[in-house]
Amino acid sequence: MAKKLTKKELREPDEFQTFTMRFLQYVSENRNKFYLAGVIILVAVLAVGGYAFYENRYEAKAADQYAAAAGAALAGQGRENPQALQMYEDLVRLYPRSTVAPLAYYHLGNLLYGKGEYDRAVASYEKFIAASQGKDGFLVALAYYGIGYCHEDRKDYAKAGEAYERAVEKSGDTAFRAVMERNLGRTYEAMGNTEKAREHYEKALNKSGDPLMERYIRTILAEMGKSTERSAKKGS
């Protein structure tokens, strides 16, 4: 059975009522402070919401630009594509903080390589690699692959070899690594380092599952063997 309250207890306010009355009195006496705090909280909420809205619109516009550029690039495959190039350049200029900007740099590298603008292509690939921060492993490997070709086309075989080595490190794909080993063999051969060239050609042969590539490498190794024999006969 519930305890019966005395007349004294009925006349006295309970703890909750007392606290509520004191709180309301404090608010009344400090009204300006509470208004200011409310305004600050409201402004903070609006700022966070506004920033999120701005970021969503920013990313959406960047994504639209990327889709348009990719479409233009696809339509112009196999030839120089100034429209796609300009669209990707506009993307990284207008939306440099967007999530698609790094990918735009990768595609810019490919398009600039196709134009023979090797310095700009390398710079774009390097921006993509820096922005990837360890992500997109296979695309990073492809970017190093592109850098290697830029240097090789300029006959800077040492730098080309370095890029191909990095491409090998970044990819676990056996077929891709076979192609990089073949490229490394070619660069060492161009530098006159027959021993290193043979080493990488043989690695490519062991990794490759492509009959055409295997035939190509065997032909190169056979020619290198004949060249070594001829050099040995001349020296004797």
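Structure: above.
Residues numbered from 1 in each chain as written. Predicted model: local features only at pLDDT ≥ 70, side-chain atom pairs only at ≥ 80, totals over all residues. Heavy atoms only, no water.

In this section: the packing of helix α9 (residues 174-190) against helix α10 (residues 194-207). Where α9 meets α10, the closest approach of the two axes is 7 Å, and the angle between their N-to-C directions is 160 degrees. Classified by the interaxial angle, the pair formed by α9 and α10 is roughly antiparallel. Judged by the sense of rotation from one axis to the other, the crossing of α9 with α10 is left-handed. Between α9 and α10, the contacting residues are T174, R177, A178, E181, R182, L184, G185, R186, Y188 and E189 on the first element and K196, A197, H200, Y201, K203, A204 and K207 on the second. (Axes fitted to C-alpha atoms, helices over the stretch in contact; angles between N-to-C directions. Helix = DSSP H or I, 4+ residues; strand = E, 2+ residues; numbered from the N terminus. Parallel < 35°, antiparallel > 145°, perpendicular 65-115°, else oblique. Left-handed = near helix turned anticlockwise from the far one by under 90°. Contact = heavy atoms within 4.5 Å.)

The end-to-end C-alpha distance of helix α5 (residues 101-115), which contains 15 residues, comes to 21 Å, matching closely the 21 Å that a straight helix rising 1.5 Å per residue would cover. Positive backbone phi, approximately 80 degrees, marks G116, located one or two places after α5. (Expected span 1.5 Å × (residues − 1).)

Per the counting criterion, the structure on display carries ten aromatic pairs. The interplanar angle of 45 degrees and the centroid separation of 5.7 Å between the aromatic rings of Y113 and Y118 together place this pair among those described as tilted. Ring plane angle 55 degrees and centroid distance 6.4 Å describe the contact between Y113 and Y149, whose orientation is recorded as tilted. Linking Y113 in helix α5 with Y149 in helix α7 (residues 137-153), this pair joins segments that are 36 residues apart in sequence. The exposure class of Y113 is partly exposed, given its relative accessible area of 27%. An aromatic cluster is built from Y113, Y118, F138, Y145, Y149, Y164 and F176, whose rings are joined through pairwise contacts. In this structure, R97 is placed above the aromatic ring of Y58, and the distance from its NZ or CZ to the ring centre is 4.4 Å. (Phe/Tyr/Trp six-rings, centres within 6.5 Å; stacked < 30°, edge-to-face > 60°. Buried < 20%, exposed > 50% of the residue type's maximum accessible area, 1.4 Å probe, protein only. Lys NZ or Arg CZ within 6 Å of the ring centre and 35° of its normal.)

Per the counting criterion, the structure on display carries nine salt bridges. For K115, the salt bridge identified is with E117, shortest N-O distance 3.0 Å. For K115, a relative accessible area of 36% translates into the label partly exposed. The closest approach of N and O atoms between E117 and R120, which form a salt bridge, is 2.7 Å. The exposure class assigned to E117 is partly exposed, which follows from its relative accessible area of 24%. Residue class for R120 comes out partly exposed when judged on its relative accessible area of 38%. (Salt bridge = Lys/Arg side-chain N within 4 Å of Asp/Glu carboxyl O.)

Mapping S98 onto the fold places it in the loop between α4 (82-94) and α5. Looking at S98, its side chain comes within polar contact range of the main-chain oxygen of Y95, at 2.8 Å. Beyond its immediate sequence surroundings of up to four residues, S98 is in contact with Y58, E59, A62 and L91. (Polar contact = N/O pair within 3.5 Å; in protein donor to acceptor, adjacent residues only side chain to side chain.)

A word on the environment of D210. Assignment of secondary structure puts D210 in the loop between α10 and α11 (211-235). With relative accessibility at 36%, the residue D210 sits in the partly exposed group. The spacing of D210 and A175 is 35 residues in sequence and 8.2 Å in space, taken between C-alpha atoms.

What follows concerns the environment of M213. Its location among the elements puts M213 in helix α11. Between the C-alpha atom of M213 and that of A178, which follows or precedes it by 35 residues, the distance is 9.3 Å. The residues contacting M213, other than those within four sequence positions of it, are A178, V179, R182, A204 and S208.

Moving on: the packing of α5 against α7. Put simply, α5 and α7 touch, their axes get as near as 11 Å, and they point 25 degrees apart. By the angle between their axes, α5 is roughly parallel relative to α7. For the crossing formed where α5 meets α7, the hand is left-handed. Touching L103, Y106 and Y113 of α5 are L139, L142, A143, Y149, C150 and D153, all from α7.

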